[in-house]
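# Structural features, examined
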Number of protein chains: 4
Amino acid sequence: MTVDVGIIGATGAVGQRLIQLLDPHPDFEIAALSASAESAGESYRDAAKWRINHPIPETVAEMTVRETDPDEMPDDVDLVFSSLPSSVGERVEPDFCEAGYIVSSNSSNARRDEDVPLTIPEVNADHLDLIEVQRDERGWDGALVKNPNCSTITMVPPLAALDEAFGLESITVSTLQAVSGAGYSGVTSMEIIDNAIPHIGGEEKKMETESRKLLGSFDGAEVDWHTARVDASCNRIPTLDGHLENVWTDTAEDVTAEEAAEVMREYPPLDLHSSPDQLVHVYEEPDRPQPRLDRGRENGMAIAVGGIQETDGGIQFNCLAHNTMRGAAGASILNGELLLENGYL
Amino acid sequence: MTVDVGIIGATGAVGQRLIQLLDPHPDFEIAALSASAESAGESYRDAAKWRINHPIPETVAEMTVRETDPDEMPDDVDLVFSSLPSSVGERVEPDFCEAGYIVSSNSSNARRDEDVPLTIPEVNADHLDLIEVQRDERGWDGALVKNPNCSTITMVPPLAALDEAFGLESITVSTLQAVSGAGYSGVTSMEIIDNAIPHIGGEEKKMETESRKLLGSFDGAEVDWHTARVDASCNRIPTLDGHLENVWTDTAEDVTAEEAAEVMREYPPLDLHSSPDQLVHVYEEPDRPQPRLDRGRENGMAIAVGGIQETDGGIQFNCLAHNTMRGAAGASILNGELLLENGYL
Amino acid sequence: MTVDVGIIGATGAVGQRLIQLLDPHPDFEIAALSASAESAGESYRDAAKWRINHPIPETVAEMTVRETDPDEMPDDVDLVFSSLPSSVGERVEPDFCEAGYIVSSNSSNARRDEDVPLTIPEVNADHLDLIEVQRDERGWDGALVKNPNCSTITMVPPLAALDEAFGLESITVSTLQAVSGAGYSGVTSMEIIDNAIPHIGGEEKKMETESRKLLGSFDGAEVDWHTARVDASCNRIPTLDGHLENVWTDTAEDVTAEEAAEVMREYPPLDLHSSPDQLVHVYEEPDRPQPRLDRGRENGMAIAVGGIQETDGGIQFNCLAHNTMRGAAGASILNGELLLENGYL
Amino acid sequence: MTVDVGIIGATGAVGQRLIQLLDPHPDFEIAALSASAESAGESYRDAAKWRINHPIPETVAEMTVRETDPDEMPDDVDLVFSSLPSSVGERVEPDFCEAGYIVSSNSSNARRDEDVPLTIPEVNADHLDLIEVQRDERGWDGALVKNPNCSTITMVPPLAALDEAFGLESITVSTLQAVSGAGYSGVTSMEIIDNAIPHIGGEEKKMETESRKLLGSFDGAEVDWHTARVDASCNRIPTLDGHLENVWTDTAEDVTAEEAAEVMREYPPLDLHSSPDQLVHVYEEPDRPQPRLDRGRENGMAIAVGGIQETDGGIQFNCLAHNTMRGAAGASILNGELLLENGYL
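The model shown is predicted, which means the values in this text are computed figures rather than measured ones.

Attention shifts here to the overall build of chain A. Secondary structure assignment for chain A yields 13 helices and 14 strands. Radius of gyration (C-alpha) of chain A: 19 Å, near the 20 Å computed for a compact globule of 345 residues. Principal-axis analysis of the C-alpha atoms places the extent of chain A at approximately 60 × 50 × 35 Å. Looking at chain A as a whole, 61% of its 345 residues are labelled buried. Restricting the contact set of chain A to residue pairs at least 6 apart, pairs at least 24 apart contribute 75%.

Here you go:
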């Protein structure tokens, strides 16, 4: 028995990755695709400028793109993956939830809302039950679940491993982010070739808040955010895929580099279809992980860590994840798998 | 009256920049060029694969390359600029000093030696008199003066401004470094296109130590290193020139972003030929400085700063400098100008 | 006495280069700037996202942007440089000409019109007098003069040298074009990093027709297009500035590589302000010209040629020019200088 | 039954691709690896700086690297894949052949020798029997078989399709070649970022001669080279993998673009393990093929063609192949499979 799913915002960079990851998928079957009103009525092949280096799946290519409206969704769709621009997501995602759809969304709107679960299944699956609070408050039959921002997803698993074992007091992070994080047209070639841009609008704030919500604890009623101080500085570099990050932490207990590596390596994976066999891969080579070489580990769903060193007061390390796989499309699908596992579908 | 200068290690990336900056120069005139033994006897045009996008100066092109040996230097040379590989510099620079030459060196050897001045003229010109200690101890007629590593030079001027005004307690820095920092053949295209490398051998250590020596105080006998904790993480990115850095500081006194900007902007420049009119340029635009757009400010000798923000305990900012101009060739020439100004030539 | 000039379409990539080249200029002074209606009323600083690595000229930065309409032009403007999108140029350039302005345009509309001079001053200055025919036919007080497409400008000077000396029968050209040729937002980073695109819409046709018009002869009434067969294939590559082209020709007379080099080197320059001292620079090194190293020759206004070889029936060579300088903004300014020299201003 | 194979020159870029393609392979099993004398005795993991974005196969990682000498080969090895530098290949490949090994070589030496088969199995498998001539002349028990240069392999299959159907009279080709074609260290980042290089040493000559030998006919005694005139111009661009080429042909018979596409599409594939299901993929989209999007078709073994147009006298098209897969490692393996199929192993 598979679940029929819809994809809203299906033509963009993340939408295309969603299709790539769902073709095929053991639990989910694509039943509907939506995009902006101008594309409605076109075949997906015509509406999407397909730019992934795997051929477009033939069955999807011939599907007709719908308007992004719950009334346009087929009745048998139970789960909707959303990769809408946040301004659109803010407007239409509640409509889908109200109409009874469960929405697993990558859009940045509502991530910090008190009654919206923000989850990385391997890290804080228990937060998912915030759905009950959400339904009580909003009167929805459906539900809205968010995955975090791609740069946040990259660092949170190794941070969670450290936090559980040694307690985190502060986090400082500098990111080297790939251009695909801004969507296909988000960064022009004139902006980024032979260059780097030390600013990504709103990104620092996202990392500083979403990480604390993810690392927080849920008592059945609300999420108590982690109290660690988080300082982020975000940079765009001329790399296609894969966000690389330099992280410094202060820990409550003393930690050696070996202990840090060990708790990261042993951080428990999940048995969900898209969850990697090992969540955090720790490299011994000092020059790894590197975006082009390591972003594809475990189908792009692993977190790669390297350069673990002790500092005066904590641990310094580098981490990397594929921003449109683990950091976006794969994250939404993994949340979908968690929803299924936990009986919400 | 101009000073005749020699350039040892003249064919590499920094050597070519030295020639570009000295053609012409009001105080210095190129009188001799050296390279490795294989190139000795060739014209500079043949020995150097000239890759700067200004034509090679004609007078230099026809000069004969010498061996890197003090016996090969013409007698009328008083100042030698060194851009040798550090392993070679370690071996031959003392020979030049012993033979009476004053060496302004960009090579990384000996920078942390107790009796070797490591100077950025605008920041710690007073350290130059460590030459007296050096001569006493080593019995040299010449002298050895070093400029710091390119990534250190980039951050130290704004840090010095903050330190003087508010006191620095800790510094955390993440670098996005251009490929030219590794020399022409240092980074292959296969390594860096669509990629980034979170490791530059020895660079973190250089930043952590050289910055503390530069910000230290000299009492006429020795340099008392600054006590701030410095943590660095160094990355190579696919950019040609210009090192961009994200810096976080903890300061002894409270500082606002405006105050931080003000002390940086007002940090006093020097009246040396190669010193910029304004040492630190502060940008208000949040997405600046950017390597390609801003590395050329004031002939590549300015430091560009942006993204100044208050943090809990200090100030966060981004800074940028042209790594082979301000960070290497220009740094050595500026030290040469300081030596002249201070009567050592 | 300087001529007051207006720039219509002043905020784009070519518009910014026009401003850079006119600040200052001995004959022309910027008196008015226009852009699309949304920008009208803003300062140029706000309306243009300035992306050239020279600071924006202060006087220009504070000018108010006007609507692109002849009624908005100050009366004392005599010459208008146009870098409008071709669809806009097609609509408004005739209005300016009818209102009495002389328009030197880089836009691609109307280049092949029978009564519109398409000129590279060093190559076919005599075509300028097509203005008389144009005024007769259209009843304009003003006039419309075009420069060719950037990729066409790159190859025509060396081709003209060969044609005059040996006669051209066929031309085959493959281009490696920089991203700036498409404007700032024309090529996204996702499209071009680690990639190349073997298609630029309409470009092959432009090269095949414009080159034949430029190499044609003007008898005072009409231009008789050159009869050489021209086959072009156009590619976009991940380079910022500078179009590189591989060219093969069949010539009527036998030519040696040396003879070809000689006629190119000796192709006469003009004495206009922006015309280079030597129009065609011929490199002996087989791996030159290269975009990054050679696009800046003579302030970006020279044509660089290399790799000249004899083939069975003709000559093969590579050529390069800076596409937004010699190939666009500089080309329009040079046409402006020619208009002044020939008494049209 | 599998054939034990050795790889000589196993640590370079092509050597690594050979290992990737042979792990696993239904017919071949890696039994020995060689590299230069300095690496001999090391594990492959230590000797090779593995840079492919698939993890190094564990069994291979622990193999001990041998010297490149037939005496060092295990007795049970029957087939040797060679990806040596050509100067080394020239010296040692004959030793291996004399010692009885069959060598399938990617090295550029000896490709034009009269008695050395140069084969693309789908195109000229019949040339393989030149081995008999070779053995007669050289008295070898082994044999030497070559695959062509990567840029030649890219264009020959579509040219062969055109030649068989319509007859080729001349070929003009411009290449946009990826940096991996020069090996890992062949092109530095300083040379190629924001740049292109219109020269690859010896490459034009390789394309002009190897293509004529490949398209020639073999009568059992010698290969009669094709008489078409071939003119090539070769360029390096900032792309990692995939050579893109613009090709113009003059054909003996008139051809329409549709007919050209048809004969290319229907060009018969082979039933060898590594031969693609369809040899030439023809794209209708005018902007395809593109290196990053299309180099991976059919595991990197397909030829992609697009932009087919009629010219005055022939056909113009663009073609693309993965240069280290179809153009090097895959080509040698395919020749190995052909040797097996034809009973030479």
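When chain C is fitted to chain D, the best match, at an RMSD of 0.0 Å, comes from turning it 180 degrees and sliding it 0.0 Å along the axis. In symmetry terms, the pair is related by a two-fold rotation axis. Both copies share a contact surface, since 100% of the interface residues of chain C are interface residues in chain D too.

All names here are of chain A. Assigned domains within chain A: domain 1 (3–149 + 328–341) and domain 2 (150–322). Here domain 1 and domain 2 have C-alpha centroids that lie 24 Å from each other. Across the contact, 30 residues belong to domain 1 and 29 residues belong to domain 2. Sorting the residues of the side of domain 1 that touches domain 2 by element identifies α5 (121–124), α6 (130–138) and α13 (325–341) as the ones contributing at least two each.

This part covers the nonpolar core. Ranked by size, the top nonpolar core spans 424 residues in total, and within it Val 305 of chain A, Val 305 of chain B, Val 305 of chain C together with Val 305 of chain D carry the most contacts. Look past the residues within four positions of Val 305 of chain D in its chain and what remains in contact with it is Pro 158, Met 264, Val 280, His 281, Val 282, Tyr 283, Phe 317, Asn 318 and Cys 319 of chain D.

Residue and element names in this part refer to chain A. The strand order β10-β7-β11-β14-β13-β12 describes an open sheet built from six strands, whose pairing is mixed. Pairing within the sheet leaves two strands with one partner each, and these edge strands are β10 (229–236) and β12 (280–282). Ignoring strand direction, the axes of neighbouring strands in this sheet form an average angle of 25 degrees. Pairing between strand β13 (residues 303–311) and strand β14 (residues 314–321): six bridges, direction antiparallel. What sits directly across from Gly 306, in β14, is Asn 318. Across the sheet, helix α7 (residues 150–166) touches β7 (168–177), β10, β11 (243–251), β12, β13 and β14, and the angle it forms with β11 is around 25 degrees. Here helix α9 (residues 203–214) sits on the sheet in contact with β7 and β10, set at roughly 140 degrees to β10.

A word on the interface of chain C and chain D. Contacts between the two partners involve 31 residues from chain C, matched on the other side by 31 residues from chain D. Among the secondary structure elements, those contributing two or more residues to the side of chain C that touches chain D are β7 (168–177), β10 (229–236), β11 (243–251), α11 (291–294), β13 (303–311) and β14 (314–321) of chain C. Among the residues making up the side of chain C that touches chain D, the classes are represented as 11 nonpolar, 14 polar and six charged.

Residue and element names in this part refer to chain B. One way to put it is that helix α7 (residues 150–166) packs onto helix α13 (residues 325–341) with a least axis distance of 8 Å and a crossing angle of 95 degrees. For the element pair α7 / α13, the angle class is roughly perpendicular. Listed contacts from α13 to Cys 150, Ile 153 and Thr 154 of α7 are Arg 326, Gly 327, Ala 328 and Ala 331. In terms of residue class, the contact of α7 with α13 is made up of four nonpolar, two polar and one charged.

All names here are of chain D. Counting buried positions over the 10 residues of strand β7 (residues 168–177) gives eight, a clear majority of the element. Relative to strand β11 (residues 243–251), β7 runs antiparallel, the two being bridged by eight bridges. Considered in β11, the bridge of Ser 174 is made with Asn 246. Alignment of β7 against strand β10 (residues 229–236), held across eight bridges, turns out to be parallel.

Attention shifts here to the relation of the copies chain C and chain A. By a simple turn and slide, chain C fits onto chain A: the slide is 0.0 Å along the axis, the RMSD is 0.0 Å, and the turn is 180 degrees. Interface residue correspondence from chain C to chain A reaches 100%, placing this contact among same-surface, isologous pairings.

Residues and elements named next belong to chain D. Taken in spatial order, the six strands line up as β10-β7-β11-β14-β13-β12 in an open sheet, and their pairing is mixed. Here the strands that pair on one side only, and so sit at the sheet edges, are β10 and β12 (280–282). On average, each strand axis in the sheet is tilted by 25 degrees relative to the strand beside it, whichever way the strands run. Along the sheet, helix α7 (residues 150–166) contacts β7, β10, β11, β12, β13 (303–311) and β14 (314–321); its crossing angle with β11, the most-contacted strand, is approximately 25 degrees.

Quick look at helix α4 (residues 86–98) of chain A now. Residues and elements named next belong to chain A. With 13 residues, α4 extends 18 Å from end C-alpha to end C-alpha; this agrees with the ideal 18 Å at 1.5 Å per step. At Val 92, α4 shows its maximal kink, close to 35 degrees; a proline, Pro 94, follows between one and four residues later. Every buried residue of α4 is accounted for by Gly 89, Glu 93, Phe 96 and Cys 97. Of the residues one or two after α4, Gly 100 is the one with positive phi, at around 100 degrees.

Glancing now at the environment of Gln 290 of chain A. Structurally, the position occupied by Gln 290 of chain A is in the loop between β12 and α11 (291–294). The sequence separation of Gln 290 of chain A and Asn 318 of chain A amounts to 28 residues, and the corresponding C-alpha distance is 9.7 Å. Other than its neighbours up to four places away in sequence, Gln 290 of chain A contacts Asn 195, Ala 196 and Ile 197 of chain B.

Let us look at the environment of Ala 160 of chain D. Looking at where Ala 160 of chain D falls in the secondary structure, it is placed in helix α7. In this structure, the C-alpha to C-alpha distance between Ala 160 of chain D and Glu 122 of chain D, residues 38 residues apart in sequence, is 9.9 Å.

Excluding glycine, residues mostly have negative phi values, and the peptide bonds linking residues are mostly trans. The amide bond that connects Asp 23 of chain B to the next residue, Pro 24 of chain B, takes the cis arrangement and shows omega of -5 degrees. Positionally, Pro 24 of chain B belongs in the loop between α1 (13–21) and β2 (28–35). One non-glycine residue with positive phi stands out, namely Asp 194 of chain A, at about 50 degrees. By the element assignment, Asp 194 of chain A lies in the loop between α8 (189–192) and α9.

With that settled, consider the confidence of the model for chain A. In the predicted model, chain A carries a mean pLDDT of 97, and 100% of its residues have values of at least 70. Model confidence for the complex: the whole-complex pTM is 0.96, and ipTM, which rates the interface, is 0.96.

Note: α-helices contain 3.6 residues per turn, so residues at a spacing of three or four share the same orientation. Residues and elements named next belong to chain D. For helix α9 (residues 203–214), with 12 residues, the first-to-last C-alpha span of 16 Å sits near the 16 Å given by 1.5 Å per residue. Here α9 lies mainly inside the structure; nine of its 12 residues are buried. Every buried residue of α9 is accounted for by Glu 203, Glu 204, Lys 206, Met 207, Glu 210, Ser 211, Arg 212, Lys 213 and Leu 214. Where α9 is buried, its residues meet α5 (121–124), α7, β7, β9 (223–224) and β10.

Right, let's get into the environment of Val 280 of chain B. Examined against the element boundaries, Val 280 of chain B turns out to sit in strand β12 (residues 280–282). Residues Val 280 of chain B and Val 305 of chain B lie 25 residues apart in sequence; the distance between their C-alpha atoms is 6.8 Å.

Rules used in this analysis
Residues numbered from 1 in each chain as written. Chains lettered and ligands numbered in written order. Predicted model: local features only at pLDDT ≥ 70, side-chain atom pairs only at ≥ 80, totals over all residues. Helix = DSSP H or I, 4+ residues; strand = E, 2+ residues; numbered from the N terminus. Rg over C-alpha atoms; globule rule 2.2 N^0.38 Å. Buried ≥ 20, exposed ≤ 12 C-beta atoms within 10 Å, placed from the backbone. Contact = placed C-beta atoms within 7 Å. Least-squares fit on C-alpha atoms with pLDDT ≥ 70 in both. Domains from an automatic or database assignment. Core = buried A, V, L, I, M, F, W, Y, C linked by C-beta atoms within 7 Å. Pairing = 2+ DSSP bridges. Axes fitted to C-alpha atoms, helices over the stretch in contact; angles between N-to-C directions. Nonpolar A, V, L, I, M, F, W, Y, C, P; charged D, E, K, R; others polar. Parallel < 35°, antiparallel > 145°, perpendicular 65-115°, else oblique. Expected span 1.5 Å × (residues − 1). Bend = angle between axes of the 7 residues up to and from the residue. pLDDT = per-residue confidence, 0-100.

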